[in-house]
Amino acid sequence: MVESVTVRAPCSTANLGPGFDVFGLALDAYYDQIQLEKGGKGIRIQSSDSIPIELEKNSAGLVIKEMAKKYRVKTGLVVKIKKGVPTGFGMGSSAASAAAAAVAFDALFKLKLDGNSLVQYAGMGEMASAGSVHYDNVAASVLGGFVIVRTNPLDVIRVIPPKDLVLCVAIPKIPVPRKKTEASRKVLPKLVKLSDHVKNLSNASALTVGFMEKNVNLIGSSINDIIVEPARKHLIPGFDRVKKNALAAGAMGVTISGAGPSVISFASTSANPKKISDAMKKGFSAAGVECTTVICKPSKGSAVV
Ligand code: HSE
């Protein structure tokens, strides 16, 4: 009988410009790891990383709690979390833990849940950090590749990204509020102009075709958001310069990664990703901000290891 499973789940970027709360892309850059073990009493979280270990305040804890309730698990569980994804920088950190938790629970209890059900459970974890459920990051982390999230009922469409797509992420070293996603959702407009919606919808549609046709140029030129990015960019010092520099260095499209403050560039492998990363770094340093840069490819999603 299996008594313990270990799952790795990747970080992700959400929105990809015009697809707020709808698009996600799993990134082969950082991973969270969860070992779920039967034993003891109740559900306990263990981690040597500086994360909340109270069940309700931890995205993985919330997922395990909900799944244990749903499947009437009587045995005690230990959730051992190893964080690899930087927390609070728009890289889907809470989602990676939530995704790993859902996939680990499924494997430990041999539930064989389908992708949508796993994403649904993983999404519950987002309550811990975002204060609301959204599925873009968790869907990418669970399923891998590029995802399109439809809700009510939840239905996630997954598309395998083109092999020649490369991402350059710049993670600024700035202080972020504890409930950063919640805070950066508060700056968003409640209503949008119909003409702005039309522009974003046209880009979102073109971006989807770009992924389906494996056309990096079309993906890059569709990373264009006139609703969310303008409302959030003031939270990222140097954003305009970082974006301008990256485009000048050969990026096809540049936007905020998820709720920020990381900035992500989309490029073809025929471009020079190092040059793009350096250009982004210079953009941040002109605003007096240091950053870490990562060059990566899409990830295949969560897996039992
Ligand atoms: N779509 C979400 C947002 C992602 O932009 O608020 C946050 O992780």
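Residues numbered from 1 in each chain as written. Predicted model: local features only at pLDDT ≥ 70, side-chain atom pairs only at ≥ 80, totals over all residues. Heavy atoms only, no water.

**Description of the pairing of strand β4 (residues 77-82)**
Link 1 in the chain: With six bridges joining them, strand β2 (residues 23-38) and β4 adopt antiparallel strand pairing. Paired with Lys38 across the two strands is Leu77, which belongs to β4.
Link 2 in the chain: Where strand β3 (residues 43-46) lies against β4, four bridges are found, and the strand directions are parallel. By the bridge assignment, Arg44 is partnered in β4 with Val78.
Link 3 in the chain: In terms of handedness, the path from β3 via helix α1 (residues 59-70) over to β4 forms a crossover that is left-handed. (Pairing = 2+ DSSP bridges. Helix = DSSP H or I, 4+ residues; strand = E, 2+ residues; numbered from the N terminus. Right-handed = clockwise from strand over helix to strand, strands pointing away.)

**With respect to the environment of Asp136**
Link 1 in the chain: Within the fold, Asp136 resides in helix α5 (residues 136-143).
Link 2 in the chain: Judged by relative accessible area, which is 1%, Asp136 ranks as buried.
Link 3 in the chain: As for Asp136 and Gly90, which are separated by 46 residues in sequence, their C-alpha atoms are 12 Å apart.
Link 4 in the chain: If near-sequence neighbours (up to four positions away) are discounted, Asp136 is found in contact with Ala14, Asn15, Asp21, Val22, Phe23, Gly24, Val147 and Val149.
Link 5 in the chain: A polar contact of 2.8 Å, which involves the side chain of Asp136, links it to the side chain of His134. (Buried < 20%, exposed > 50% of the residue type's maximum accessible area, 1.4 Å probe, protein only. Contact = heavy atoms within 4.5 Å. Polar contact = N/O pair within 3.5 Å; in protein donor to acceptor, adjacent residues only side chain to side chain.)

**Here's the deal with the site of the ligand**
Link 1 in the chain: Inspection of the region around the ligand gives Ala14, Asn15, Phe20, Asp21, His134, Asp136, Asn137, Thr181, Arg185, Arg232, Gly258 and Ala259 as its neighbouring residues.
Link 2 in the chain: One of the side-chain N or O atoms of Asp21 is found 2.6 Å from a nitrogen atom in the ligand.
Link 3 in the chain: Here Asn137 contributes a side-chain N or O atom positioned 2.8 Å from an oxygen atom of the ligand.
Link 4 in the chain: Compared with its free state, where it exposes 260 Å², the ligand has 95% of that area covered by protein.
Link 5 in the chain: In a pocket analysis with a 2 Å cut-off to the grid points, the ligand is assigned to the largest pocket.
Link 6 in the chain: The set of elements that each furnish at least two residues to the shell around the ligand consists of α5 and α6 (180-186).
Link 7 in the chain: Here the shell around the ligand spans two domains, and each of domain 1 (4-160) and domain 2 (165-296) adds at least three residues to it. (Near = heavy atom within 4 Å. Areas by Shrake-Rupley, 256 points an atom, 1.4 Å probe, with all protein chains shown as cover. 1 Å grid on protein atoms, 1.4 Å probe; cavity = no way out; pocket = protein on both sides within 12 Å on 5 of 7 lines; lining within 4 Å. Sits in = over half its atoms within 2 Å of the grid points. Domains from an automatic or database assignment.)

Worth remembering: the numbers are spatial, not functional.
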